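# Coordinate analysis (summary)
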Amino acid sequence: MITDNHGRKVNYLRLAVTDRCNLRCFYCMPEEGLNWLSRSELMSYEEMLQICSLLVNMGIEKIRITGGEPFVRKDIMQFLTALSKLDGLNELTITTNGVLTAPHVPELKRLGVKSVNLSLDTLDAGRFFAITKRDEFANVMQTMEELLKHNIDVKINAVVMDGKNIQDIIPLVKLTKELPVSVRFIEEMPFNGDGHVYNGLKWDYVRILDEIKAIFPATRKMQDPAYSTSYNYEIPGHRGSVGIIAAYSRTFCGTCNRIRITPTGELKTCLYDDGGLNIKDLLRLGTAENELREALLNAFEHKAKDGWEAEKSRVAHTGVHESMATIGG
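Residues numbered from 1 in each chain as written. Predicted model: local features only at pLDDT ≥ 70, side-chain atom pairs only at ≥ 80, totals over all residues. Heavy atoms only, no water.

### Concerning the environment of arginine 24
Among the secondary structure elements, arginine 24 is positioned in the loop between strand E3 (12-16) and helix H1 (45-58). On the basis of relative accessible area, arginine 24 is assigned to the buried category, the value being 10%. Note: C-alpha distance between arginine 24 and alanine 130 (106 residues apart in sequence) is 9.7 Å. (Helix = DSSP H or I, 4+ residues; strand = E, 2+ residues; numbered from the N terminus. Buried < 20%, exposed > 50% of the residue type's maximum accessible area, 1.4 Å probe, protein only.)

### Here we look at the sheet that holds strand E9 (residues 220-221)
Taking strand neighbours across the sheet as the criterion, the 12 strands line up as E9-E10-E11-E8-E7-E6-E5-E4-E3-E12-E13-E14 in an open arrangement whose pairing is mixed. The sheet terminates laterally at E9 and strand E14 (277-278), the two strands that pair on one side only. The sheet contact formed by strand E10 (residues 230-234) and strand E11 (residues 241-245) spans 4 bridges and is antiparallel. The partner of serine 230 across the bridge, within E11, is isoleucine 245. The strands touched by helix H7 (residues 205-215) within the sheet are strand E7 (153-160), strand E8 (182-187), E10 and E11, with E11 carrying the most contacts at an inclination of about 155°. (Pairing = 2+ DSSP bridges. Contact = heavy atoms within 4.5 Å. Axes fitted to C-alpha atoms, helices over the stretch in contact; angles between N-to-C directions.)

### Overview of helix H9 (residues 289-300)
With 12 residues, H9 extends 17 Å from end C-alpha to end C-alpha; this agrees with the ideal 16 Å at 1.5 Å per step. For H9, every residue scored as buried is listed here: Leu292, Leu296, Ala299 and Phe300. Seen along its axis, H9 keeps its buried residues to an arc of 100°; they face one direction. What points out from H9, more than 90 degrees from its buried face, is the exposed set Asn290 and Glu294. The secondary structure elements touched by the buried residues of H9 are strand E1 (2-3), H1, strand E12 (258-261), strand E13 (266-268), E14 and helix H8 (279-284). (Expected span 1.5 Å × (residues − 1). Arc of directions from axis to C-beta.)

### Some thoughts on the pattern of salt bridges
Going through the model one piece at a time under the given rule, you end up with 10 salt bridges. Two residues, aspartate 168 and arginine 127, come together in a salt bridge whose shortest N-O distance is 2.8 Å. Of the two residues, aspartate 168 is situated in the loop between E7 and helix H6 (169-178) and arginine 127 in helix H4 (residues 125-132); the sequence distance between them amounts to 41 residues. Here arginine 127 falls in the partly exposed class, since its relative accessible area comes to 23%. Two residues, aspartate 224 and lysine 221, come together in a salt bridge whose shortest N-O distance is 2.7 Å. Looking at aspartate 224, the relative accessible area reads 24%, which means it is partly exposed. (Salt bridge = Lys/Arg side-chain N within 4 Å of Asp/Glu carboxyl O.)

### Section: the side chain of threonine 219
Here threonine 219 lies in the loop between H7 and E9. Among the residues examined, threonine 219 registers a relative accessible area of 8% and is labelled buried. For threonine 219, the side chain forms a polar contact with the main-chain oxygen of phenylalanine 216, separated by 2.6 Å. Apart from the residues within four sequence positions on either side, threonine 219 is in contact with Ile212, Lys213, Tyr233, Glu234 and Ile235. (Polar contact = N/O pair within 3.5 Å; in protein donor to acceptor, adjacent residues only side chain to side chain.)

### Some thoughts on the pairing of strand E6 (residues 115-119)
Buried residues dominate E6, accounting for 4 of its 5 residues. In this structure, strand E5 (residues 91-96) lies alongside E6, joined through 3 bridges in parallel fashion. In the sheet register, threonine 95 faces E6, and the bridge partner there is asparagine 117. In this structure, E6 lies alongside E7, joined through 5 bridges in parallel fashion. In the strand pairing of E7, leucine 118 is matched with isoleucine 156.

### Remarks on the confidence of the model for the protein
Averaged over the protein, the pLDDT score is 90; the fraction of residues at 70 or greater is 87%. In the model, residues 193-197 has pLDDT below 50 throughout and makes 6 contacts with residues more than four positions away in sequence or in other chains. (pLDDT = per-residue confidence, 0-100.)

### Re the packing of aromatic side chains
By the definition in use, this model includes 4 aromatic pairs. An angle of 15° between the planes, with centres 4.9 Å apart, marks the rings of tyrosine 45 and phenylalanine 79 as stacked. Separated by 34 residues along the polypeptide, tyrosine 45 in helix H1 and phenylalanine 79 in helix H2 (residues 76-84) bring together distant segments of the chain. The exposure classification of tyrosine 45 matches that of phenylalanine 79, with both residues buried. Against the face of tyrosine 12 rests lysine 62, its NZ or CZ located 4.4 Å from the ring centre. (Phe/Tyr/Trp six-rings, centres within 6.5 Å; stacked < 30°, edge-to-face > 60°. Lys NZ or Arg CZ within 6 Å of the ring centre and 35° of its normal.)

### Some points on the packing of H6 against H7
Close contact between H6 and H7 brings their axes to 10 Å; oriented N to C, the two are set at 65°. H7 is crossed by H6, and the crossing has right-handed handedness. Listed contacts from H7 to Ile169, Ile170 and Val173 of H6 are Glu211, Ile212 and Ile215. When its residues are assigned to classes, the contact of H6 with H7 shows 5 nonpolar, no polar and 1 charged. (Left-handed = near helix turned anticlockwise from the far one by under 90°. Nonpolar A, V, L, I, M, F, W, Y, C, P; charged D, E, K, R; others polar.)

### Considering H4
What H4 keeps buried is the set Phe128, Ile131 and Thr132. Buried residues of H4, viewed axially, fall in a sector of 80°; they line one side. In this structure, the buried residues of H4 make contact with helix H5 (137-149). N-capping of H4 is provided by aspartate 124, with a side-chain oxygen placed 3.0 Å from the backbone N of glycine 126.

Spelled out as structure tokens, the structure:
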């Protein structure tokens, strides 16, 4: 079992397999895209499998594959197949925008994927295009239908943005009445990567909940699972549930059980930190497994207490906010 310097169990890895994405959501990256990494800068699938195998042996029980958009990387299904066979891995999950995912759903089911996070900020096709700069709404909805048809749990992640999709909060909540989905509203975070100044949060988790309760006053708190990043709620008569993730307020740091590895192999023990240990570089230097293990354990022993401490340290070192696409957010 892995524990950090604050006594928190570490058993969950978020692995970003690419920085590329086929959408251009303004809160994640500039409309023209980023300076995409070359293939040599990315971790190879073999390197990813090697580090995942080591981390599972050390105590990681759950791996979530993220990006960018995972399904834009060639041969992703072959990698997922290999990953699903790791002895000791209890849960393999994926976060996707759903544009390319639908054809792969039967295979995901066969691999034992029980849950998928689907990024969807609006149920209006026009606003979808305004947010993403791409006309892919129909494909995303098809992915949701396929996931539900194959009895894979669907968690819809919706970033709440003032002046952009506030009118979508209630329609998304209404989606849970007939469908067994969990709609999670996420506070906007300062990871735009496009250079504009982040002016703070207008819609925090308290205001989002008030908005929901104004229309659904019977909304009631559910018991949150261990290590949950979301406050979870149920509405009588609804098949699904609602969650609110205080990603900017960072109220869940006290039970954080996760680490992240970026597409370039940078280990981040907090979404808001600046990394410091590059696993890809160590692997390409031929570092022995016992030395890799020690390097990882040392990194876990220097994990920030919370996201505020991590952000303060990162900005002091670099003075910049990254794009969410480059850090697997």
